[in-house]
Every structure is written in structure tokens, then in C-alpha cells.
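If you want the building blocks of each chain, they are given just below.
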Amino acid sequence: SEFPRRRWYSQLQRRYFYVYHFIKEADEKEVDEMMARNNHVRDTVKKQACAIAMMRDRGYDEAKRIRGIDASASEIGCRPEVFAQAFRFLKNYVSKEDGDDRWTDGNLMATYHVGEDFLDVVDGLRAIDEAIHFLNLRCGDRLGHALALGVGVKEWYLSKSGRILISKQDYLDNLVWLYAKIRKYNIVEAVDAQNYIKKRFHEYFQELYLNNISTDKYEKVIKAAKQFFGKKENEIAVHYNNTMSMDIDDYYDAWKLRGDDPYIYVRGFAEYIPYEADQWDIYAVDKMFPQNYAIRYSPEAAFLYYMYHFDNNVRKIGAEVVEIKVPESIIKVTTLVQKALQQEIAEMGIGIEANPSSNYLIGTFRRYDRHPMVSWYNLGLTYDEEKIEECPQIQVSINTDDQGVFATYLENEYAYMALALEKYKDKDGKKIYKRSCIMKWLENIREIGINQSFQKSDVLYDVIRGNV
């Protein structure tokens, strides 16, 4: 009859859902002081995000099956900050049509492909950290690939002969980020690395920023800020009586603001956003990061963030590529920071989508048994309590990436890992893993993959609708 057929079709539809992908693009070559970095992509992403919100408001059937958002394609030249406002907006957006007839609960989950293609391990780790904080990723959200989080740091630098080619802006950012993480994770074996970072920071900060800050320009910004805040926030205006004095901490504070809409700082200081703003503008400021909201009213941090986006010389000089010989002290401390970041991500409950074939072809490891997922999660693969304790136990799943491009199926990806681990031997030719342990490990990962899915349970749906 017609009714069972309609019900069957409805149940079939519920098996399929959508995760919308935003596409990354490198920054424009021409620098315009009136436009923020990646302005074209920012505009496109805003239009697309607002269109998704409108689609959900109108209650289209397709919109009811939107479960998540993602950003993919080449990372070089397009950092997580570009998508920050859109992700916060859509992850917190509550549709006007939310109700019993919807198959979603109003909040979208998020994946961000990051840490796959990078010019330096530190750069890849920083991108992962930026995605987590600027996009407000939380438990249940996912990172795509994240190879920088699991690659052997020393081996990676050896494969590059200890040298990297990177832009001056990215190198400066990486130095400051690494310095901050050394302090955050309380890494005590880092004196040499910290001394090296301070020396190189002053060199590049002077060239990119200090040489391009005129006293006249800064004083004009201070005067405008005092007039702006003096009418609203006297306590904030007091900060703008300070003379210009910038160090590595001010630069790191400025980095923390990169999740904010850069046009808030277009006059050199953070301008006020009215509470009655629409939902898009409400998320122009990252209310979750930094935790110290007042950093936005630091004259130095706000002005440096303004220069990062809108100063022509900073952008042109920062785009110049340099060759850097990475010292052993930096390699050592990067390994420790990587391990600490692994543990932090595991504790946050953020998962990783691993793609064995794709990662093998794009990454630097040449054996499937060296895939980072083995070091991210090992429950079932070993029963050695010491090895289990050392492993961060990040929730990881096996995926195909672009199935057409890599000509693979999900069962192939599982088989590659199973065969590689079964053949993996120690230096004496003895097999390291038992087949039963490998099968248990893969079964654990399969269950994690199901739990990582943004699909909602059909049983839960039927309970809500009163069908059971």
C-alpha cells in the first residue's frame, strides 16, 4: 500500500545525511590595505554559511538532514581563522523551524581538515591548535587527518635535511606559538630552545612589525581609541594612556585574537559590537577564546592584530620565503609539545578522522604500520599496561577520504591496516602484534567510527516521533 511505501522511503532517507564542506583557497597575491587577509574566501564563506542557516530556517527536507560542517582542500595560505566566525555561527545557530518534525536538534557538529599538508611540524601543530580554539571545537567534533599530531618529529626533520622553506610571517607565528606552549605545558628541558626563540623573534618581529610602526600612526590610533572608549568604557580608555612597548607576550596575545572578525580592528583597536546585532555579527568575537576577554582592549595586542591584516608592508615582507635550519633544541621541544597536545585533544574528546591510503600518499611515512593512529590509540592492540598508559588514547576512526580520487573502499582501508600490522616484525624477525589483538583493535576503531558519526540514531528518532 501507499502508506508502508512512504514509511519505507522515509526510513531510507534517514540513513543519509549531509556534511557541508567549505573550500580553502590561498590568499590573494595583491595586497589591499582596506581588505583583511583571505578576504575573498571570508566573503564566500559568510554567504554560504548564511545560506545554510536560511535553508534550515525554511525547513526544507534536505536541510533537515544537514548534520555537520567541514572545511577541506589545501591548507597552505588559508588558516583556520578564515572559517572561525562561520563555524561558531553555524555550530550555535538554532533554526526558526526547530521542532518535533525535524531530524536534527538545531546544533551542527564540525570537522576541520588540518595538519595534513604543512611546511613545518610546528606550523601543522599550530594549525591544529588554531582550529580547536578559533572554531570552538568541542567533544564530539573531529579533526581530519591531523598528521602533524602524530608524525615522528625527528624523522620528519631528517627527511627535510633539517631545513624548512617557510614565509617570514608563518615562521614568526610558529616561534611565538611554540614559546607559549613551552610555558603552558611547563616543559623544563627547553632553556636552549627558549633562548633561540627569543633571539629569532626579535629579529623577525623587528623586520616585519617594529620597522613598519610609525609613532605618528600609533598615536593617532591611541587618540581615536581614547575618544571611542571614553564615551562608553572609562576603564578601557585608561589602557590607551600607555606608551608603545611590545614584546613576545603582546604578540602572542595578538595571535589569540585571530579568531575574531578582523574588521572589528580596522581602526587599530577593538570596536564595540551592539548586543542587538544579528546572529552572524554576534559571533564576530570569539567568546570562548581567549578566556581573558580583556586582551582585546590591550593597545599593543589590538594594534598588532590590526597590522597583521591591514598593513601593506607587514603582509608583503611577511610573504617572503626564507630557508631555516632547524636546531636540535627546537626539534626536541617540538616533540614534547606534540605529545602534550595529543593528551589535551584526547581529554577534550575531539576525534580524528584517519585516512590510511590518503595519508600514505600525501604524508611522509612509507609503511601503513607507521600510521600515526597506532600511536594515538592502542586499546586492544596491546595489553601492556605501560604502553597503554603512555598512549593518549585519542578517539580515532578509519575513513576513505576522497573515495573517487584514491580509488578505495572502507573495507580496503581496514584491510591495509590489518595486513600491515600482521606483517610488522621487530629487529629479530618476530611478529609484534597477534592477529586477535589486531582484530580487537580494528573492532574498537569501528565502534569509535560509528560513535563519531554525526548521524542520529533511528531508534531515538522513532521514540521522539512516537513510532515505538
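Because the structure is a prediction, the values reported are computed rather than measured. (Residues numbered from 1 in each chain as written. Predicted model: local features only at pLDDT ≥ 70, side-chain atom pairs only at ≥ 80, totals over all residues. Heavy atoms only, no water.)

(A) Geometry of helix α9 (residues 215-230). Taking 1.5 Å per residue as the helical rise, α9 with its 16 residues ought to reach 22 Å, and the 22 Å between its terminal C-alpha atoms agrees with that figure. All of the buried residues along α9 are Y218, V221, I222, A224, A225, F228 and F229. (Helix = DSSP H or I, 4+ residues; strand = E, 2+ residues; numbered from the N terminus. Expected span 1.5 Å × (residues − 1). Buried < 20%, exposed > 50% of the residue type's maximum accessible area, 1.4 Å probe, protein only.)

(B) Broad picture of the confidence of the model for the protein chain. Per-residue confidence for the protein chain averages 87 on the pLDDT scale, and 87% of its residues sit at or above 70. Residue range residues 457-468 is modelled with pLDDT below 50. Its contacts to residues more than four positions away, or to other chains, number 11 contacts. (pLDDT = per-residue confidence, 0-100. Contact = heavy atoms within 4.5 Å.)

(C) Looking closely at the packing of aromatic side chains. For the structure on display, the rule yields 31 aromatic pairs. Summarising the aromatic geometry, the rings of Y209 and Y251 are spaced 5.5 Å apart at their centres and angled 80 degrees between planes, so their arrangement reads as edge-to-face. Here the residue Y209 occupies a position in the loop between α8 (191-208) and α9, and Y251 occupies one in helix α11 (residues 248-256), the gap between them amounting to 42 residues. Taken individually, Y209 and Y251 each receive the classification buried, so the pair is uniform in this respect. On the numbers, 5.2 Å between centres and 10 degrees between planes, the contact of Y252 with W255 is stacked. Taken together, the residues span about one helical turn, with Y252 and W255 both in helix α11 at a distance of three residues. The same class applies to Y252 as to W255, namely buried. Here the guanidinium or amino end of R258 rests over the ring plane of Y308, the centre of that ring lying 3.7 Å away. The aromatic ring of Y293 is capped on one face by R296, whose charged end is 4.6 Å from the ring centroid. (Phe/Tyr/Trp six-rings, centres within 6.5 Å; stacked < 30°, edge-to-face > 60°. Lys NZ or Arg CZ within 6 Å of the ring centre and 35° of its normal.)

(D) Inspection of the packing of helix α5 (residues 121-134) against helix α7 (residues 168-184) at higher detail. Two elements in contact, α5 and α7, have axes separated by 9 Å at closest approach and are oriented at 70 degrees. When the interaxial angle is binned, α5 and α7 end up roughly perpendicular. Residues V122, D123, L125, R126 and D129 of α5 lie in contact with α7, whose contacting residues are D170, D173, N174, W177, L178 and K181. Partitioned by chemical class, the residues of the contact of α5 with α7 number four nonpolar, one polar and six charged. (Axes fitted to C-alpha atoms, helices over the stretch in contact; angles between N-to-C directions. Parallel < 35°, antiparallel > 145°, perpendicular 65-115°, else oblique. Nonpolar A, V, L, I, M, F, W, Y, C, P; charged D, E, K, R; others polar.)

(E) Spatial organisation of the side chain of R126. Within the element layout of this structure, R126 appears in helix α5. You can call R126 buried: its relative accessible area is 0%. There is a polar contact of 2.7 Å between the side chain of R126 and the side chain of E130. Each residue touching R126, except ones within four places of it in the same chain, is listed here: R79, D170, D173, N174, W177, W255 and R258. (Polar contact = N/O pair within 3.5 Å; in protein donor to acceptor, adjacent residues only side chain to side chain.)

(F) Spotlight on the environment of R138. Among the secondary structure elements, R138 is positioned in the loop between α5 and β4 (142-145). Note on R138: relative accessible area 33%, which makes it partly exposed. Taking the C-alpha atoms as reference, R138 lies 8.8 Å from A110; in sequence the two are 28 residues apart. The contact partners of R138, leaving out residues within four places of it in the chain, are K91, N92, M348 and I350.

(G) Up close: the packing of helix α20 (residues 410-423) against helix α21 (residues 435-452). For the pair α20 and α21, the least separation of the axes is 10 Å and the interaxial angle reads 150 degrees. Between α20 and α21, the angle is such that the two are roughly antiparallel. Helix-helix and strand crossings are classified by hand; for α20 and α21 the assignment is right-handed. Between α20 and α21, the contacting residues are Y414, M417, A418, L421 and E422 on the first element and R435, I438, M439, W441, L442, I445 and R446 on the second. The residue inventory of the contact of α20 with α21, partitioned by class, reads nine nonpolar, no polar and three charged. (Left-handed = near helix turned anticlockwise from the far one by under 90°.)

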